[in-house]
Amino acid sequence: MKNYDAVVIGAGHNGLTNAAFLAKAGLKVLVVEKNPYIGGATVSRELHTGWKYSNCSYVSSLFRPEIHNALDLGSHGLMVIPLISSMTFKKNGDYFGSYQNPHTRRKELMRHSLRDADAAIRFDADVLRWCKLIRGFLLRTPPDPGSLRPRDVFEFAYLLKKFYQLSENQLYEFIRFFTMSIAEYLQNYFEDEAILAHYSGGSIIGTGLGVYSPGTAYVLLHHAMGDVDGNVGSWGFARGGMGAVSGALASAFRSYGGEIRVESEVTKISVAGKKVTGIELASGEKISAKVVVSNLDAKRTFTTIMEKNDVPPSLLTRARQFKIRGSSGKLNIALDGMPSFPALPPGSPLTLGHMHFSDSLERLERAYDDWKDDRWSRDPYCDALIPSQYDPSLAPPGKHMMSVFVQYCPVNPEGGWTDDKRKQFGQTVLDQIAQYSPDFKDLLLHAEIRTPNELEKEVGLTEGNIFQGELTFDQLLFNRPFPGLAQYRGPVKGMYLCGSSTHPGGGVMGAPGANAAREILGDLRKPDTTPVEFSDD
Amino acid sequence: MTKGIDVIVIGCGHNGLVCAGYLAKAGLNVHCFEANNSVGGMTAPYDLGDGYETAGLATVGYPLRSSIVRDLNLREHGYQPGPAIDTISLADNGDHLVISEKEVLSNNIPEDEANRFKQLKADYREYAKKLEPIFCNKPPRLKNMDWSDKFLLGKLGWNARFGLGRESMYELLRVAGSNIYDVLNDSLSNEQLKAAIAWDAVLGSAMGPRSPGTVMTWLQRLGGELNGPLHQYCDVSTSVSTALLKAADSLGVTVHLNAEVKRILTQDSKVAGIELANGEALQAKTVVSNVDPRTTLLRLVGAPSLDAMFAHRVSQIRGQGVVAKMYFALRGQPEFPGLNDSQLKGKLLIAPTMQYIERAYNHSKYGECSEAPVIEVTLPTTHNPGLAPPGANMMAVNVAFVPYRFAGEPEREALVKKTIAKISEFCPKLESLIVKHRLLTPKDIEQRYHAVQGHWHHGELTLHQSFMMRPLYGAAQYDTPVHGLFLCGAGCHPGGNVTGLPGYNAAKRLLKTRS
């Protein structure tokens, strides 16, 4: 029987991040992956000859620069190209564009509403303030509110100190921001429907809530606090697709002596006397290890690969109650050429960024109403991108690759998913895009249509939830995944969680993996190899 | 002529009267001004004519806070909480579900489900009890705290950690910001039972069972229940408003009826007095407003007298009424097959599933009326036959969701028809019994009760408008940036329902700032 210091289950980006830091500290680490390829939901796959699809996650920005630095991912081939714009097509033939360049952005805002152009200054300053505040908590382990251990008390004091750097009114504003719906939050600033719809989009991506649901304002942060090259709020493409992120992580991990085994599905975490002893693979092989880290979501970890006897009943209940609903679909499209968008002026840079087609809050909310009734949205919110404009490695010369993220798509439509329904769902999305691009359908060569069903089956995310658990405020910080279990340690000694189910959540941040590594190394009394956050004050 | 007025209270709803009572008890000379011809606001009787009346827009509720009843001697002044009632969820097949304060009383609920309900209710009542201190005090400030704020926060922390114990505290932390839909799905299986509880959580607010924050609104309702079971307001002579008026009288409060206040006069951001609709001006250095915060600050004080950003934030307070009231004067006793006479006395609810409520709510987001509305029926005359001519009956109905924006005449007719049709599914002969009806949409409620946009609670009870953010920060401790102006209505912490707590907290705060 092979023997390791630590085994990481699942080669997602968090599993790999975690493994890399453990290996860097000198541990003998093995990563096991059920699929024949690594990356989990951070992959580039050639599903149509000549095209590379980032067929799950599709843009990078939240990935912690501290981790990028600490693992020297640049030298392992990771390069992120910043995206410079986003836009929303309007039904009346017009559009709203949001540009990185502040002057162009202001001019465009003024074209829609003078008042909103002024409000945007306030809005940007406020959101940036919340981003800076939250970023300080990303690479830290949340305190346990039920504990009086010095470490937890100290961590709470740290949290309070950070919050107390805000003024009293800012404190209240922050709580409001944390508990409000994105629609109401934005209405504090903006009046133009298209502008409201444009900035709300980021708050519903991957979330089983609508723009009018309290708590969605915070999700905006998950899509605004990222940065590329120090530009807060900007998004980027990883050159070569998202697989480049996991590829660089794997390369870093291997450079520290780590080992990865693909096509090795884990069936069980072995436990003896309240202590992990290793894992069992589907092939029947047993591997022993002092530490077992699960990159799977919390629900899947506790309900499928752990023996019932090893998990306390109260924890099992929490795992069952964990909100991990899938709500998103995705289309990956191979195009014969660049589609035209007549609404845009010739040569507009807006096709280079995010393109959306929902121009009112009502349309966004109605899309959510459909999902609540277990239907896909008849008029969905789509986030379309054509990364091949920047990155020639994704499609043959002159051809293009388009990625369309779709909100909302149900986990289980009435009667379950069939091939036919999946195609109908895809057709809904294609029809929506074709309304704004007359030649789009003629250029279509291939489309991969993904529903939560595919995400669960292929990647192993329960119910196809892209964040490994909803980012609602009852499941954040010391409540993530469950209260009392938010410090990455599992219910038995030597067992840890490192997936996006844990603080600070999903979005290809790598932070859960790094945080878990810090806890593990601390428990093993090994030197800490994980980075601390960059202070920007 | 106005020399000697210490405090002017605008609006004689129950909170205004509670506040006035406490202030007078402390020795202040208090004058109350009420625009209508009777006190009580939403708890004042509503006359339908021809001998039909009800005890108020609020038809069912929990008893007034017991400490207030004691302090103001309300029992001596005739206050009697009405008869306790059960909630009866009507079922298509006649298997109606009877739910009392602590248990389900129906035979068609399996025993283990009934036990789970009992346990859930007990757990959540316990949470409500532990949270109680925050409801009966002014909301603490988060910075620049005074000793009472620190004490309160400490007490809450202690209650949560040591009163509940670690596991329960974790559970409370998990559910506090959560939605009632998920919590109920986790613990119960009977759809109708879940819907009845979920309805309790969202009643009166523009939220569906799936909206996060609805567990907190349910906890608030359970906080009211700690004072006594749900009861029917059915007797004007023993009602909250009648007793409060008598109490105020005996404490020396002067109440002016038919005296609409047009403006609150200010000078250098200080209250100078009020101006009445008839042009009369009165001087006072302290004014307490029972009127909702938006009307008080934007209309009575006026945005020009406020800091621009503050005024903007006031204008952003959310609260559009979504419940319409319908009164039916009936010529006989309505029959609901499957319900006996004593069950007719309950609150009859038409909300078969949580999804039904959620779908009804969906429409209101877009300014539409629910296709299939949630309906709550009570028959006050089953408790007090005096509210209608002999042999006749009054039916008071809440219909949700009816958005504020909805108002046109044809839509009103359609809504009445729809409501009658829906109730008739359970009470087949209803239509033939109707003598007359009256519909109060949120817009009508706004006009009659001066509650902006017809919201029962003067502002949505969402998490971002609760506690130290209710109605908005900068005015959450009952005093406002206008020196001498206080708020005491349901728009303040802890919000709506007939508890009297906003009035009590405001009075306490006012007295403290004077001393």
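Residues numbered from 1 in each chain as written. Chains lettered and ligands numbered in written order. Predicted model: local features only at pLDDT ≥ 70, side-chain atom pairs only at ≥ 80, totals over all residues. Heavy atoms only, no water.

Q: I would appreciate a short explanation of the overall build of chain B in the present structure.
A: Secondary structure summary: chain B contains 16 helices and 19 strands in total. Its C-alpha atoms put chain B at 65 × 60 × 45 Å along the principal axes. When the 515 residues of chain B are sorted by exposure, 64% land in the buried category. Counted over contacts in chain B with a minimum sequence separation of 6, partners at least 24 positions apart contribute 73%. Accessible surface, chain B: about 18,700 Å² in total, of which carbon and sulfur atoms supply 49%. Seen as two clouds, the 53 positive and the 50 negative side-chain charges of chain B have centres 7 Å apart. (Helix = DSSP H or I, 4+ residues; strand = E, 2+ residues; numbered from the N terminus. Buried < 20%, exposed > 50% of the residue type's maximum accessible area, 1.4 Å probe, protein only. Contact = heavy atoms within 4.5 Å. Areas by Shrake-Rupley, 256 points an atom, 1.4 Å probe, with all protein chains shown as cover. Lys, Arg positive; Asp, Glu negative; His and termini not counted. Charge placed at Lys NZ, Arg CZ, Asp CG, Glu CD.)

Q: Is there a simple way to explain the pattern of salt bridges in this structure?
A: Pairing between side chains of opposite charge can happen when the charged atoms of each approach one another. All names here are of chain A. Enumeration according to the criterion identifies 61 salt bridges over all chains in this entry. Measuring nitrogen to oxygen at the nearest pair gives 2.7 Å for the salt bridge that ties Arg-363 to Asp-359. Judged by its relative accessible area of 11%, Arg-363 is buried. The residue Arg-489 makes a salt bridge to Asp-523 at a minimum N-O spacing of 2.9 Å. Residue Arg-489 is located in the loop between helix 16 (452-459) and strand 20 (495-497), and its partner Asp-523 is located in helix 17 (residues 511-523); the two are separated by 34 residues in the primary sequence. The partly exposed category is assigned to Arg-489, whose relative accessible area is 26%. (Salt bridge = Lys/Arg side-chain N within 4 Å of Asp/Glu carboxyl O.)

Q: Please clarify how empty space enclosed by the protein should be interpreted in this entry.
A: If a probe the size of a water molecule is rolled over the atoms, the empty space left behind becomes visible. Residues and elements named next belong to chain B. Summed over the entire model, instances satisfying the criterion amount to nine cavities of 30 Å³ or more. The calculated volume of the largest cavity comes to roughly 140 Å³. Elements represented by at least two residues in the lining of the largest cavity include exactly helix 3 (111-135) and helix 8 (214-225). In terms of residues, the lining of the largest cavity owes the most to one element, helix 8, which gives three residues. Split by residue class, the lining of the largest cavity holds three nonpolar, eight polar and two charged. (1 Å grid on protein atoms, 1.4 Å probe; cavity = no way out; pocket = protein on both sides within 12 Å on 5 of 7 lines; lining within 4 Å. Points joined across faces, edges and corners; volume = space filled by probe spheres on them. Nonpolar A, V, L, I, M, F, W, Y, C, P; charged D, E, K, R; others polar.)

Q: Please clarify how unusual backbone geometry should be interpreted in this entry.
A: Both trends apply: most residues other than glycine have a negative phi, and most peptide bonds are in trans. Residue and element names in this part refer to chain B. Residue Ala-400 is joined to Phe-401 through a cis peptide bond whose omega torsion reads 5°. Here Phe-401 is to be found in the loop between strand 17 (393-400) and helix 13 (409-424). Look at the link from Arg-470 to Pro-471: it is a cis peptide, with omega at -10°. Considering the arrangement of structural elements, one finds Pro-471 in the loop between helix 15 (442-449) and strand 19 (485-487). Phi is positive for Asn-144, which is not a glycine, with a value near 55°. With respect to the secondary-structure elements, Asn-144 resides in the loop between helix 3 and helix 4 (147-163). We classify Asn-144 as exposed; its relative accessible area is 56%.

Q: How do you make sense of the packing of helix 10 (residues 293-302) of chain B against helix 11 (residues 308-315) of chain B when you look at a structure like this?
A: Helix-helix packing: each pair is described by the crossing angle between the helix axes and the interaxial distance. Residue and element names in this part refer to chain B. Interhelical geometry of helix 10 versus helix 11 gives an angle of 140° and a closest axis separation of 9 Å. Viewed along their axes, helix 10 and helix 11 adopt a mutual orientation that is oblique. As helix 10 packs across helix 11, the resulting crossing turns out to be left-handed. Here Pro-293, Arg-294, Leu-297 and Leu-298 of helix 10 lie close against helix 11, whose contacting residues are Phe-310, Ala-311, Val-314 and Ser-315. Broken down by class, the residue content of the contact of helix 10 with helix 11 amounts to six nonpolar, one polar and one charged. (Axes fitted to C-alpha atoms, helices over the stretch in contact; angles between N-to-C directions. Parallel < 35°, antiparallel > 145°, perpendicular 65-115°, else oblique. Left-handed = near helix turned anticlockwise from the far one by under 90°.)

Q: Sorry if this is basic, but what is going on with the sheet that holds strand 18 (residues 434-440) of chain B here?
A: Pairing between sheet strands relies on hydrogen bonds along the backbone, with the strands arranged either parallel or antiparallel. Residues and elements named next belong to chain B. Strands sit in the order 7-6-15-16-17-14-18 across an open sheet of seven strands; the sheet is mixed. A strand with exactly one partner marks an edge of an open sheet, and here the two such strands are strand 7 (97-99) and strand 18. The mean inter-strand angle of the sheet, taken between neighbouring strand axes irrespective of direction, is 20°. By the bridge criterion, five bridges tie strand 16 (residues 374-378) to strand 17 in an arrangement that is antiparallel. Across the sheet, residue Ile-375 finds its bridge partner in strand 17, namely Val-399. Contacts between helix 7 (residues 191-202) and the sheet are confined to strand 6 (87-89), strand 7, strand 15 (347-350), strand 16 and strand 17, with strand 7 contributing the most and set at about 45° to the helix. (Pairing = 2+ DSSP bridges.)

Q: Looking at this structure, I do not really get the packing of aromatic side chains. What am I missing?
A: Aromatic rings in a pair are described by how distant their centres are and how their planes are angled relative to each other. Residue and element names in this part refer to chain A. In this structure the tally under the stated criterion is 38 aromatic pairs over all chains. Between Phe-163 and Phe-174 the ring centres are 5.4 Å apart and the planes differ by 50°, which places this aromatic pair in the tilted class. Remark: Phe-174 occurs in helix 6 (residues 168-179) and Phe-163 occurs in helix 5 (residues 150-163); sequence separation between them is eleven residues. Ring geometry for Tyr-368 versus Trp-371: centroids 6.1 Å apart, planes at 20°, classification stacked. Taken together, the residues Tyr-368 and Trp-371, both in helix 13 (residues 361-372) and three residues apart, mark about one turn of the helix. Residue class for Tyr-368 comes out buried when judged on its relative accessible area of 3%. (Phe/Tyr/Trp six-rings, centres within 6.5 Å; stacked < 30°, edge-to-face > 60°.)

Q: Is there a simple way to think about the confidence of the model for chain B in this case?
A: A low pLDDT score tells you not to read the predicted coordinates there in detail. Counting all residues, the mean pLDDT for chain B is 94, and 99% of those residues have values of 70 or more. For this predicted complex, the interface confidence reaches an ipTM of 0.94, while the overall pTM sits at 0.95. (pLDDT = per-residue confidence, 0-100.)

Q: Teacher, can you tell me more about the interface of chain B and chain A here?
A: Interface size is commonly expressed as the accessible surface area that is lost when the partners come together. Of the residues lining the interface, 40 residues belong to chain B; the matching set on chain A comes to 45 residues. Both faces considered, chain B and chain A share a buried interface measuring about 3,900 Å² in area, 51% of it formed by carbon and sulfur atoms. Contact with chain A buries surface across chain B, with B:Lys143, B:Tyr366 and B:Tyr473 losing the most and accounting together for 18% of the total. Elements with a contribution of two residues or more to the side of chain B that touches chain A: helix 4, helix 5 (166-176), helix 6 (180-187), helix 11 and helix 12 (354-365) of chain B. With seven residues, helix 5 of chain B is the largest single contributor of residues to the side of chain B that touches chain A. (Buried area = accessible area lost by both parts, 1.4 Å probe.)

Q: Before we go on, may I ask you to explain the sheet that holds strand 11 (residues 270-276) of chain B in this structure?
A: All names here are of chain B. Ordered by their spatial adjacency, three strands build an open sheet running 10-11-12, and the pairing between neighbours is antiparallel. Edge positions in the sheet fall to strand 10 (261-267) and strand 12 (281-283), since each has one partner strand and no second. Looking at each pair of strands side by side, their axes are set apart by 30° on average, direction ignored.

Q: Explanation requested: the pairing of strand 14 (residues 323-330) of chain B in the structure shown.
A: One face of the sheet, then the other: side chains in a regular strand alternate in exactly this way. Residue and element names in this part refer to chain B. Within strand 14, eight of the eight residues are buried, leaving the element largely enclosed by the surrounding structure. By the alternation rule, side chains of strand 14 split into Val-323, Lys-325, Tyr-327 and Ala-329 and Ala-324, Met-326, Phe-328 and Leu-330, which are all buried. In this sheet, strand 17 lies alongside strand 14 in antiparallel orientation, the contact comprising eight bridges. Opposite Leu-330, over in strand 17, you have Asn-393 as the bridge partner. Here strand 14 pairs with strand 18 via six bridges, running antiparallel. Across the sheet, Phe-328 pairs through a bridge with His-437, a residue of strand 18.

Q: Teacher, can you tell me more about helix 16 (residues 501-514) of chain B here?
A: All names here are of chain B. If you check helix 16, its first and last C-alpha atoms are 20 Å apart, about what 14 residues at 1.5 Å a residue would give, namely 20 Å. Among all positions of helix 16, only Leu-501, Pro-502, Gly-503, Tyr-504, Asn-505, Ala-506, Ala-507, Arg-509 and Leu-510 are buried. Looking at the packing, one finds that the buried side of helix 16 touches strand 1 (7-10), helix 1 (14-25), helix 2 (66-71), helix 3, strand 13 (286-289) and strand 19. (Expected span 1.5 Å × (residues − 1).)

Q: Please explain the side chain of B:His383 as it appears in this structure.
A: Residues and elements named next belong to chain B. Mapped onto the secondary structure, His-383 falls in the loop between strand 16 and strand 17. Among the polar contacts made by the side chain of His-383, one reaches the main-chain carbonyl oxygen of Lys-345 at a distance of 2.9 Å. His-383 has contacts with Pro-83, Ile-85, Gln-232, Cys-234 and Lys-345, leaving out every residue within four places of it along the chain. (Polar contact = N/O pair within 3.5 Å; in protein donor to acceptor, adjacent residues only side chain to side chain.)

Q: Mind showing me how you'd approach the packing of helix 3 of chain B against helix 8 of chain B here?
A: Residue and element names in this part refer to chain B. Two elements in contact, helix 3 and helix 8, have axes separated by 8 Å at closest approach and are oriented at 85°. In terms of orientation, helix 3 and helix 8 fall into the roughly perpendicular class. For the pair formed by helix 3 and helix 8, the contact residues are Leu-120, Lys-121, Tyr-124, Arg-125, Tyr-127, Ala-128, Leu-131 and Phe-135 on the first element and Val-215, Trp-218, Leu-219, Gln-220, Leu-222, Gly-223 and Glu-225 on the second. A class-by-class count of the residues in the contact of helix 3 with helix 8 yields ten nonpolar, two polar and three charged.

Q: Got a minute to help me understand the side chain of B:His455 in this structure?
A: Residue and element names in this part refer to chain B. With respect to the helices and strands, the residue His-455 is situated in the loop between helix 15 and strand 19. Looking at His-455, the relative accessible area reads 0%, which means it is buried. Polar side-chain contacts of His-455 include one of 3.4 Å to the backbone oxygen of Gly-204. Not counting residues within four places of it along the chain, the set of residues in contact with His-455 comprises Met-42, Gly-204, Ser-205, Gly-319, Gln-320, Gly-321 and Glu-460.

Q: Looking at this structure, I do not really get the environment of B:Gly279. What am I missing?
A: All names here are of chain B. Topologically, Gly-279 is positioned in the loop between strand 11 and strand 12. On the basis of relative accessibility, which here comes to 44%, the residue Gly-279 falls in the partly exposed class. For the pair formed by Gly-279 and Lys-262, sequence separation is 17 residues and the distance between their alpha carbons is 8.3 Å.

Q: Looking at this model, I keep getting lost on the pairing of strand 13 of chain B. Mind explaining?
A: Residue and element names in this part refer to chain B. Of the two faces of strand 13, the one holding Thr-286 and Val-288 and the one holding Val-287 and Ser-289 are both buried throughout. Note that strand 13 and strand 19 share three bridges and pair parallel. Paired with Ser-289 across the bridge in strand 19 is Leu-487.

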